[in-house]
Amino acid sequence: MTTTTKWVAWILSLSLIITLLPTGQTSYAATTPMLSSGSTVATNVNVYVDPTGNDVTGTGTKLAPFKTLFKARSTIRAYKGNLPAGGVTVWVKGGTYNLATTFDLNAQDSGTPDKPVIYRTYPGETVTLTTGKGIDPTSWQPLSADAAARVNPAVQPSKLRELDVASLNIQNIAGFSGGTTFTEQWGIVDLIVDGIRQPISQWPNEDQSIAANRAGWVTMNGSADSKSFYYGEGGTPENGISDDEVNADGTNRIQRWKASMAKGHDLYLKGFWRTAWSPVTSKVGAIYPDDNIISLYDIPSGGMGDKFSKTVVPNTLKSSTVSMDVYRPNLMASSVQADVYAPVVSTPSTPMFNVTSNVYGLTDDPFIPDTSVSYRVGTGKEEWKAINYLDEIDVPGEWALDFKDGKIYYYPTGDITKQIITLSDNKASIIKMSDASYIQWLGFTVEGGMGNGIEMQRSHHMKIAGNTICYVTGTGIVDYYGNNNLIQSNDVYEIGAAGISVGYSGDRTNLVSGNSRITNNHIFNIGTLVSLEGIVIRESVGTKIDHNLIHDTPKAAVKYTSDNNLLFEYNEIHNTSLVESDSGAFYTPQDWTSYGNVLRYNFIHHNKRSHGFYFDDGDSGDVVSKNIIQQSQIAFIMGGGHDNLAQNNLIIASRAAGQIDDRGITRGYTATGAYAQNLISKNPTSGAWLQYGKDLKATYGYTTNLWADILNPDWHPEYPNGSSISDNVFVQTGAVTTPKKGSFTVANNVILNTIADAQFYNANTMDYRTNNASILSKFTDLNTIFPQIGLSQDEYRVQVISRSASGGMSNH
């Protein structure tokens with residue numbers, strides 16, 4: 001893996017959003033969430049903070065500033081809630097402020113509607129807030145003899161350095177917080193050098209392609225038992241490829257790994273052991289070189305082997321006959337079943353693994369398969385990589401934390417004696433506000449923590465605007481149980497988890513809106529440690545998400561779960577699902593109550609590994625209208641739910657326009673199932689939910705009687721009743737796949753066979769305005785809507801960046 005320095009500089013200069021002038025010209029400029037001088041809010045009381053100030057002798061004036069934010073907070077608390085007219089502004093001069101602990105604000109730190117409390121930077125100055133711990137460059141030492149013996153043969157051990165973090169009282173070094181098997185936990189220190197997060201070591205390297213594999217990954221060669229797989233010959237993968245990719249470079253990798261493990265150095269692999277989504281990080285239990293087998297410490301959930309491959313029953317050494325799960329197609333495959341309603345049934349004529357008479361006599365350390373747990377034979381396409389191992393540090397910037405040694409091993413990018421080294425070792429958020437209100441944070445850079453960047457809990461009427469949040473292990477911005485909050489014009493990138501996460505805003509039981517807004521944020525290169533989305537919304541009502549630019553995400557750009565009346569509009573999204581498959585730019589799963597969410601005026605492009613809009617596993621009630629979807633897998637997937645509407649959209653050069661399926665029949669989406677019970681819990685026969693059903697039907701023209709039909713077995717709620725893909729335009733795009741059961745509509749869609757037929761202003765520069773009458777008959781205001789999509793200038797973002805015609809595809 002290479003350092004991210006060039007990547008960040010490249011993406012900030014090249015990517016995305018377009019500003020179309022009346023003449024049709026394109027405006028190209030760099031992005032910065034910079035505070036303009038016109039955004040200054042006048043308050044009667046101003047408090048000043050400066051790195052050169054003094055908390056003891058300072059008075060908080062411009063001439064005698066305080067040194068820390070904590071002293072400024074104490075000054076505001078001294079008002080005891082009786083703030084001066086107009087409120088208080090804390091002006092923070094440029095510099096880096098190393099916070100020993102989280103900067104906490106609570107109810108006593110709140111403002112009021114006419115007396116806000118504002119924390120802001122001086123215009124044009126950079127203020128960095130971090131909880132990272134600085135490391136003395138002299139603490140780095142040459143490798144010990146034991147460590148030097150483990151270094152990759154391609155690298156001179158003298159080029160690496162080690163840091164005894166245990167002796168420095170660094171806390172989070174004992175192991176991953178998820179233990180021996182995890183998906184979304186991480187919990188170890190992070191290394192930042194000269195302001196740039198350094199990449200944890202991995203093999204293959206992020207940009208390294210081995211055989212025909214995706215860069216950064218190799219593949220299994222079939223399962224050996226419920227927690228073991230073949231890396232070389234011996235398995236029977238469905239793709240028939242049994243190459244030894246691990247040892248192909250001649251560095252004797254397997255024996256090196258085995259030797260290091262024997263000395264107590266734990267090896268972890270990240271892999272798609274069973275599904276093409278949510279990769280699992282697993283500790284290795286044992287390696288058997290004579291058998292070409294790696295065995296994990298734990299059994300992955302569901303057992304080893306792709307869930308679409310055949311099941312093996314070990315105690316009979318035979319393979320059972322299993323139908324492919326056609327509704328979650330494996331997009332890593334080179335082809336897709338043409339008729340998804342004719343499942344493939346395979347009945348092998350030979351056992352799925354063979355035991356020879358002398359297999360247990362080949363070595364003093366034989367592999368003995370677990371014959372008690374079923375598993376799957378595997379497709380041979382299950383991807384995996386090794387992470388965080390000294391043995392695989394081979395390019396500058398890579399590092400590994402050795403849990404046994406209590407040391408960090410690092411390949412410096414330059415003269416380490418002249419670099420600024422920081423370790424993130426604080427699991428708490430950098431800024432946290434609980435039970436607070438009417439507070440603003442404007443223009444800060446927040447970085448270098450193991451927790452979240454900025455976190456709000458049970459807070460309302462807050463503004464987080466014009467900030468840069470980067471290089472945090474957790475989520476960039478978190479807002480839970482809040483309302484009337486504004487998250488505006490922030491840059492959120494190089495984030496270990498999700499970009500922005502909002503939950504429990506508003507009241508779903510009574511359908512009371514939270515009235516929060518996420519607008520004009522640039523979110524990219526997130527989920528770098530655990531695969532999460534750019535924006536996550538859950539259990540919320542009435543949140544508006546607009547004008548955001550989201551790209552280069554490991555899975556969906558936006559995931560919303562169990563929400564009502566969300567509005568997604570004018571967002572630009574590209575390059576999603578760069579790590580995982582079977583996702584969408586917009587993704588929502590498994591809920592019959594998540595009605596009223598509107599997705600309109602969004603532009604999805606260069607999205608080749610992902611679907612456009614994915615309503616998964618019964619999710620219902622979404623309205624998708626007047627969006628532009630270019631180069632996606634399937635523009636709309638309606639996975640067995642009800643009343644999903646896709647109307648008046650423009651789909652360009654995508655593999656397929658849509659899929660409506662009846663997976664609910666085999667998956668038990670019935671009137672007595674879990675989805676129905678969730679709907680019943682909302683008390684839909686009276687009160688707010690009864691009226692809500694009537695309002696939805698009147699607003700969107702549903703034929704469904706909400707909620708009586710859905711809870712009626714005779715209506716067959718296991719069918720995709722009420723869903724529609726109609727009045728759209730398909731340009732050089734495949735058709736819609738429809739189910740055998742259900743009351744649904746696919747009608748009045750315009751089909752244009754080539755890009756030329758669409759008469760776009762300039763398809764080469766992604767100017768998809770058009771003079772084509774058939775397109776404009778379905779998407780009447782395309783030419784006025786399209787120029788408005790994406791980032792926009794405001795008082796916190798004085799410039800926007802251009803849209804790359806190539807989508808700025810990076811090699812992940």
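Analysis parameters
Residues numbered from 1 in each chain as written. Predicted model: local features only at pLDDT ≥ 70, side-chain atom pairs only at ≥ 80, totals over all residues. Heavy atoms only, no water. Phe/Tyr/Trp six-rings, centres within 6.5 Å; stacked < 30°, edge-to-face > 60°. Helix = DSSP H or I, 4+ residues; strand = E, 2+ residues; numbered from the N terminus. Buried < 20%, exposed > 50% of the residue type's maximum accessible area, 1.4 Å probe, protein only. Salt bridge = Lys/Arg side-chain N within 4 Å of Asp/Glu carboxyl O. Pairing = 2+ DSSP bridges. Expected span 1.5 Å × (residues − 1). Arc of directions from axis to C-beta. Contact = heavy atoms within 4.5 Å. 1 Å grid on protein atoms, 1.4 Å probe; cavity = no way out; pocket = protein on both sides within 12 Å on 5 of 7 lines; lining within 4 Å. Points joined across faces, edges and corners; volume = space filled by probe spheres on them. Nonpolar A, V, L, I, M, F, W, Y, C, P; charged D, E, K, R; others polar. Core = buried A, V, L, I, M, F, W, Y, C linked by side-chain atoms within 4.5 Å. Polar contact = N/O pair within 3.5 Å; in protein donor to acceptor, adjacent residues only side chain to side chain. pLDDT = per-residue confidence, 0-100.

**A look at the packing of aromatic side chains**
Moving on, step 1. Evaluation of the coordinates by the stated rule reveals 44 aromatic pairs.
Moving on, step 2. Considering the side-chain rings of Y268 and F403, the 6.2 Å spacing of their centres and the 80 degrees angle between planes classify their relative orientation as edge-to-face. With Y268 in strand β17 (residues 268–271) and F403 in the loop between β24 (399–402) and β25 (407–410), this residue pair connects regions lying 135 residues apart in the sequence. A single burial state applies to Y268 and to F403, both of which are buried.
Moving on, step 3. Ring geometry for F586 against F613: centres 5.1 Å apart, planes inclined by 10 degrees, an arrangement best described as stacked. Placement of F586 in strand β45 (residues 584–589) and of F613 in strand β48 (residues 611–616) is noted, with a sequence separation of 27 residues between them. As far as burial versus exposure is concerned, F586 and F613 are alike and both buried.

**Brief notes about the pattern of salt bridges**
Moving on, step 1. As enumerated under the stated definition, the model contains 32 salt bridges in all.
Moving on, step 2. With a shortest N-O distance of 3.3 Å, R197 and E494 are connected by a salt bridge. You can see R197 sitting in strand β12 (residues 196–197) and its partner E494 sitting in strand β35 (residues 491–495), a full 297 residues away along the chain. E494 carries the same exposure label as R197, and that label is buried.
Moving on, step 3. R214 is the salt-bridge partner of E383, the closest N and O atoms lying 2.7 Å from each other. Residue E383 is located in strand β23 (residues 383–387), and its partner R214 is located in the loop between β13 (202–203) and β14 (218–219); the two are separated by 169 residues in the primary sequence.
Moving on, step 4. A relative accessible area of 5% means that E383 is categorised as buried.
Moving on, step 5. Accessibility expressed as a relative area gives 15% for R214, which makes it buried.
Moving on, step 6. Salt bridges sharing partners connect three or more residues here, namely D616, D617, D661, R663 and R667.

**Concerning the pairing of strand β18 (residues 280–288)**
Moving on, step 1. Burial within β18 is extensive, with 8 of its 9 residues counted as buried.
Moving on, step 2. Inspection of the sheet shows strand β10 (residues 181–182) paired to β18 by 2 bridges, in the antiparallel sense. Looking at the pairing, F182 lines up with T281 of β18.
Moving on, step 3. Alignment of β17 against β18, held across 4 bridges, turns out to be antiparallel. Its bridge partner lying in β18, L269 is registered against S282.
Moving on, step 4. Where β18 and strand β19 (residues 293–296) come together, 4 bridges link them in antiparallel fashion. Bridge pairing links Y288 to I293 in β19.
Moving on, step 5. The turn joining β18 and β19, which pair antiparallel and follow one another in sequence, is formed by 4 residues; a positive phi near 60 degrees is taken by N292.

**A look at helix α7 (residues 687–700)**
Moving on, step 1. Across its 14 residues, α7 extends 20 Å between first and last C-alpha, which sits within 8% of the 20 Å expected from 1.5 Å per residue.
Moving on, step 2. Taken together, the buried positions of α7 are occupied by W689, Y692, G693 and L696. Looking straight down α7, one finds its buried side chains confined to an arc of 100 degrees; they lie on one side. Exposed side of α7, more than 90 degrees from the buried face: G687 and A698 are the residues found there.

**Some details on helix α4 (residues 253–262)**
Moving on, step 1. Of all the positions in α4, only R253, I254, R256, W257, S260 and M261 are classed as buried. One face of α4 carries all of its buried residues, which in axial projection span an arc of 160 degrees.
Moving on, step 2. Looking at the buried side of α4, the elements it contacts are β13, β18, β19 and β23.
Moving on, step 3. Downstream of α4 by one or two residues, G264 has phi in the positive range, about 95 degrees.

**Notes on the sheet that holds β25**
Moving on, step 1. Overall, antiparallel pairing links the 4 strands, which are arranged β8-β9-β25-β24 in an open sheet. Edge strands, defined here as strands with exactly one partner in the open sheet, are β8 (141–142) and β24.

**Quick notes on empty space enclosed by the protein**
Moving on, step 1. Under the criterion given, the structure shown has 2 cavities of 30 Å³ or more.
Moving on, step 2. Taken together, T183, E184, K270, S278, P279, V530, S531, K555 and E580 make up the lining of the second largest cavity.
Moving on, step 3. Classifying every residue of the lining of the second largest cavity by side-chain character gives 2 nonpolar, 3 polar and 4 charged.

**Brief notes about the layout of surface pockets**
Moving on, step 1. The space that makes up the largest pocket amounts to roughly 850 Å³.
Moving on, step 2. Surrounding the largest pocket, 39 residues form its lining, E184, V530, L532, E533 and R538 being those nearest its centre.

**Regarding the nonpolar core**
Moving on, step 1. Counting residues in hydrophobic clusters, the biggest one holds 70 residues, and the most contacted among them are Y119, L129, M433 and W441.
Moving on, step 2. Among all residues touching L129, those that are not within four sequence positions of it are L69, Y97, L99, I430, I431, W441, F444, T445, V446 and E447.
Moving on, step 3. Formed by 30 residues, the second largest nonpolar core is a distinct cluster that contains W186, I387, L423 and V536.

**Examining unusual backbone geometry**
Moving on, step 1. For the bond running from W203 to P204, omega is -5 degrees, close enough to zero to count as cis.
Moving on, step 2. Mapped onto the fold, P204 is located in the loop between β13 and β14.
Moving on, step 3. With an omega of 15 degrees, the peptide bond running from L706 to W707 counts as cis.
Moving on, step 4. In this fold, W707 is placed in the loop between α7 and β55 (724–726).
Moving on, step 5. Residue K626 is not a glycine yet carries a positive backbone phi of 60 degrees.
Moving on, step 6. Residue position: K626 is located in the loop between β49 (622–625) and β50 (628–630).
Moving on, step 7. Residue classification places K626 among the buried positions, given a relative accessible area of 17%.
Moving on, step 8. Notably, N748 is not glycine yet its phi reads approximately 60 degrees, a positive angle.
Moving on, step 9. The residue N748 is located in the loop between β58 (745–747) and β59 (750–752) in this model.

**A look at the environment of S594**
Moving on, step 1. By the element assignment, S594 lies in the loop between β45 and β46 (597–600).
Moving on, step 2. The spatial distance from the C-alpha of S594 to the C-alpha of N565 is 8.4 Å, given a sequence separation of 29 residues.
Moving on, step 3. For S594, the residues in contact, after removing those within four places along its chain, are R508, S562, D563, N564, D619, S620, G621 and D622.
Moving on, step 4. At a separation of 3.2 Å, a polar atom in the side chain of S594 contacts the side chain of D619.
Moving on, step 5. A distance of 3.3 Å separates a polar side-chain atom of S594 from the backbone oxygen of S620.

**Here we look at the side chain of N221**
Moving on, step 1. Inspection of the secondary structure puts N221 in the loop between β14 and β15 (223–225).
Moving on, step 2. Engagement of the side chain of N221 in a polar contact is seen with the backbone oxygen of S242, the distance being 3.5 Å.
Moving on, step 3. Not counting chain neighbours up to four residues away, the residues in contact with N221 comprise Y230, Y231, G232, G235, T236, P237, I241, S242 and D243.

**Observations concerning the confidence of the model for the protein**
Moving on, step 1. Taken as a whole, the protein shows an average pLDDT of 89; of its residues, 87% reach a score of 70 or greater.
Moving on, step 2. Throughout residues 1–32 the model reports pLDDT below 50, and contacts reaching past four residues in sequence, or to other chains, amount to 101 contacts.
Moving on, step 3. Contacts of residues 317–364 to residues separated by more than four positions or lying in other chains number 97 contacts, the stretch itself having pLDDT below 50.

**Brief notes about the pairing of strand β32 (residues 468–472)**
Moving on, step 1. Of all 5 residues in β32, 5 are buried, a share of seventy percent or more.
Moving on, step 2. Here 4 bridges tie strand β29 (residues 445–449) to β32, and the two strands are oriented parallel to one another. By the bridge assignment for β32, G449 is matched with V472.
Moving on, step 3. Where β32 and β35 come together, 4 bridges link them in parallel fashion. Bridge pairing links V472 to I495 in β35.

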